[in-house]
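Per-entry structural report
The chain contents come next:
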Amino acid sequence: MTTPDKAWTTYEQALQSLSESSPKLDAPALVLRLRKAFPNADVREVNLAVETFIARRQAPEKLGAWAKEGHFSVSLLQQASRESIATYRAQFFEGRSHVLEIGTGTGSDTAALARVAKHVTTIDGDPIASELAKRNLALQGISNVTFLVGEAQTIVPSLTENFDALFADPARRTRTGERIKSGEDYSPPLSFLLALSIGSLRAIKISPGLFVEPCPEGWVRQFVGYDEECLEQTLWYGSPIKDSSIVVTDRDARWEPPEKELIPPIAESLAGYLVEAHGTLNRCQKLESFFHQRHIQPVAQDVAYGISFERPEPSPLYTSYKVIEDLPFSKKKLKEAVNQLGWSNRTELKKRNFPGEIEQIRAELDLPKHTHASPFGVVFFFRYHGKPWAVIAERLT
Ligand SMILES: C[S@@+](CC[C@H](N)C(=O)[O-])C[C@H]1O[C@@H](n2cnc3c(N)ncnc32)[C@H](O)[C@@H]1O
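1. Regarding the environment of T234
- By secondary structure assignment, the location of T234 is in strand β7 (residues 229-237).
- Counting along the chain gives 65 residues from T234 to D169, while the straight-line C-alpha distance between them is 9.3 Å.
- Once residues within four sequence positions are removed from consideration, T234 is found in contact with R89, A203, K205, Q222 and V224.

Here you go:
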C-alpha cells in the first residue's frame with residue numbers, strides 16, 4: 001500500500017472544510033463526498049484519509065499531543081495502548097539492548113519502548129498498521145526501530161538477532177470489532193506468545209477480563225487501571241512485579257496482595273461508610289485481602305462494595321460514600337426514601353450482582369429533573385445475605 005503523500009494534504013484540507021461546513025457528517029458520508037470531489041482517487045486511500053481524520057480528533061486524549069497529526073484508523077486507535085500505560089510498562093525495559101515487539105499497531109508501545117531501549121524490532125501482520133506506525137514514530141523523532149511485516153508465527157522463528165526482551169500485544173478483537181474472550185483466539189494466540197523463549201524480560205498485554213489460571217510457571221499477572229476502570233492486564237516474566245498486583249497509571253497508585261490471603265467476614269450491618277473498590281481490585285481476585293488490610297468488610301463475596309465503620313482515608317484505589325439508609329429492595333420504599341431526600345435525576349444508580357435492570361429502576365423512580373440547587377446522591381444495588389438490597393448514600397468529597 002502506498003500512503004498518499006501528496007494527495008494526503010489535499011484530502012485533509014478537503015475533509016477539514018467539509019466537516020466545518022457540515023459538522024454532522026459521519027465517516028460513510030465523508031467518504032462519499034471525498035470520492036465525489038476526487039473521482040480518480042484510490043478508494044483505499046480515501047477510506048484511510050477519512051478514518052485518520054476522524055481518529056485524529058480522539059487520538060491526543062489517548063496518545064498525547066503529537067497524535068493530533070498522527071496516522072491511525074479508528075480500529076487501530078481503539079486497540080492502542082494509552083500513553084501513560086505504555087510509558088509505565090516501558091520503564092521496566094529501560095537499558096535493554098534489543099527488544100522484540102509483536103503487534104506494532106499504532107506504534108504507541110513501540111515508541112515508549114524505543115525511548116528506553118537501545119533498539120526495538122517490531123512485527124505486525126498488517127502492512128497498513130506498520131506503515132502508519134512508521135510515520136507516527138517519525139513524527140515523534142524516533143529512529144531506533146526496525147519494522148517487519150508479516151505473521152509473527154512465521155517471522156519470529158526466522159529471526160537471527162539476539163533479543164534481550166519481548167513485548168507482545170496480540171489483537172483481541174474480531175474484524176467486526178467484537179472482543180475476543182479466549183486467549184487461544186487472540187492473534188497471535190496467547191499460547192504461542194507464552195511459549196516464546198526470548199530474552200530474560202517478557203510482557204504480554206491481554207484483556208483485563210481473562211484470568212489466566214493457573215498462571216504459567218515464572219509468569220505473573222498485573223492489572224492495569226486508568227481513571228476508574230481496569231483497562232488491561234499485563235502478563236510479566238522476569239520482572240520485579242508481584243502476581244495479582246495492580247497499578248492505576250494516571251493516579252500513580254499501586255497495590256500488591258499480601259503473601260497470605262486475608263478473608264474478612266461479610267459486613268454485619270451496612271451502617272457507616274460504603275467503599276467502592278477500583279475496577280482493578282475487582283479483576284485481580286484479591287479484593288478481600290485489600291479490604292481486610294483496611295478494616296473494610298465486604299457486603300458480599302466477590303462484590304466490590306465494602307463497609308467501613310470509620311470514615312475511610314481518601315485513596316485513589318477506592319471511592320467512599322456516607323451511608324444514609326439501607327433497605328431490602330422495594331421500588332415503592334426506595335422511591336419514598338429518595339423523594340424524602342428531594343434527590344434529582346442526577347442521582348447515580350450503581351449495581352453489582354443484582355437481578356434488576358438499572359434503567360428500569362430509574363424510570364420507575366421517576367426522579368425530578370435536576371436544577372442548579374437540587375440535591376442528589378447515589379443508590380447502590382446488590383445482594384446482601386442473598387437478598388436484593390439497596391443502599392442510599394452520599395459521595396464523600
Ligand atoms: C492490539 S494491536 C497492537 C496495539 C499496539 N500495542 C498499540 O499500542 O497501538 C494488535 C496488532 O497485532 C497485529 N497482529 C494480529 N495478528 C498478528 C500476527 N499473527 N502477527 C503479527 N501481528 C499481528 C494487528 O495487525 C494489530 O496491529
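2. Observations regarding unusual backbone geometry
- The amide bond that connects S187 to the next residue, P188, takes the cis arrangement and shows omega of -5°.
- In this fold, P188 is placed in the loop between β4 (165-168) and α9 (190-195).
- The peptide bond linking E213 to P214 adopts the cis configuration, its omega dihedral lying at 0°.
- With a phi close to 65°, S244 is a non-glycine residue in the positive phi region.
- Looking at the element boundaries, S244 is found in the loop between β7 and β8 (245-248).
- Judged by local crowding, S244 falls into the buried class, with 21 C-beta atoms found within 10 Å.

3. Comments concerning the sheet that holds strand β15 (residues 378-384)
- Taking strand neighbours across the sheet as the criterion, the 7 strands line up as β11-β12-β10-β13-β16-β15-β14 in an open arrangement whose pairing is mixed. Single-partner strands in this sheet number two, and they are β11 (297-298) and β14 (348-351).
- The pairing of strand β10 (residues 273-277) with strand β13 (residues 318-328) spans 5 bridges and is classified as antiparallel. If you follow V275 over to β13, its bridge partner there is S320.
- In this fold helix α12 (residues 331-341) packs onto β13, β15 and β16 (387-395), with an angle of close to 120° to the strand it touches most, β13.

4. What about the pairing of β14?
- Judged from the 4 bridges that link them, β14 and β15 form a sheet pairing that is parallel. By the bridge assignment, K350 is partnered in β15 with F380.
- For the crossover that starts at β14, traverses helix α13 (residues 358-365) and ends in the parallel β15, the hand is left-handed.

5. Points about the domain arrangement of the protein
- Looking at the assigned domains, one finds that the protein contains domain 1 (5-57), domain 2 (77-255) and domain 3 (273-395).
- The interface of domain 2 with domain 3 comprises 13 residues on the first partner and 11 residues on the second.
- Counting residues per element, the ones that place at least two in the side of domain 2 that touches domain 3 are β6 (219-226), β7, β8 and β9 (253-255).
- Of the residues assigned to the side of domain 2 that touches domain 3, the class counts are 8 nonpolar, 2 polar and 3 charged.

6. Overview of the sheet that holds strand β5 (residues 201-206)
- Across the sheet, 9 strands lie side by side as β3-β2-β1-β4-β5-β7-β6-β8-β9; this open sheet has mixed pairing. Looking at the sheet topology across the chains shown, the edges are occupied by β3 (145-149) and β9. Geometrically, the sheet is characterised by an average inter-axis angle of 20° between neighbouring strands, direction not taken into account.
- Examined bridge by bridge, β5 and β7 share 5 bridges and lie antiparallel to one another. Looking at the pairing, A203 lines up with W236 of β7.
- Packing of helix α7 (residues 127-139) onto the sheet brings it into contact with β2 (119-124) and β3, and relative to β3 it is tilted by some 165°.

7. Some thoughts on the site of the ligand
- A80, G103, G105, S108 and S187 are the nearest of the 23 residues found near the ligand.
- Elements supplying a minimum of two residues to the shell around the ligand: α6 (108-116), β2 and α8 (152-158).
- Each residue belonging to the shell around the ligand can be placed in one class, and the counts come to 8 nonpolar, 10 polar and 5 charged.

8. Focus on the nonpolar core
- V99, L113, L274, Y305 and F380 are the most contacted members of the largest nonpolar core, which totals 85 residues.
- Residue assignment places this core across two domains, with domain 2 (77-255) and domain 3 (273-395) each supplying three or more.
- Discounting residues that sit within four places of it in the chain, F380 has contacts with L274, Y305, K350, A390, V391 and A393.
- In terms of nonpolar packing, the next biggest core, distinct from the first, is built from 8 residues, L15, L30, L34 and A49 among them.

Cut-offs and rules
Residues numbered from 1 in each chain as written. Predicted model: local features only at pLDDT ≥ 70, side-chain atom pairs only at ≥ 80, totals over all residues. Helix = DSSP H or I, 4+ residues; strand = E, 2+ residues; numbered from the N terminus. Contact = placed C-beta atoms within 7 Å. Buried ≥ 20, exposed ≤ 12 C-beta atoms within 10 Å, placed from the backbone. Pairing = 2+ DSSP bridges. Axes fitted to C-alpha atoms, helices over the stretch in contact; angles between N-to-C directions. Right-handed = clockwise from strand over helix to strand, strands pointing away. Domains from an automatic or database assignment. Nonpolar A, V, L, I, M, F, W, Y, C, P; charged D, E, K, R; others polar. Near = placed C-beta within 6 Å. Core = buried A, V, L, I, M, F, W, Y, C linked by C-beta atoms within 7 Å.

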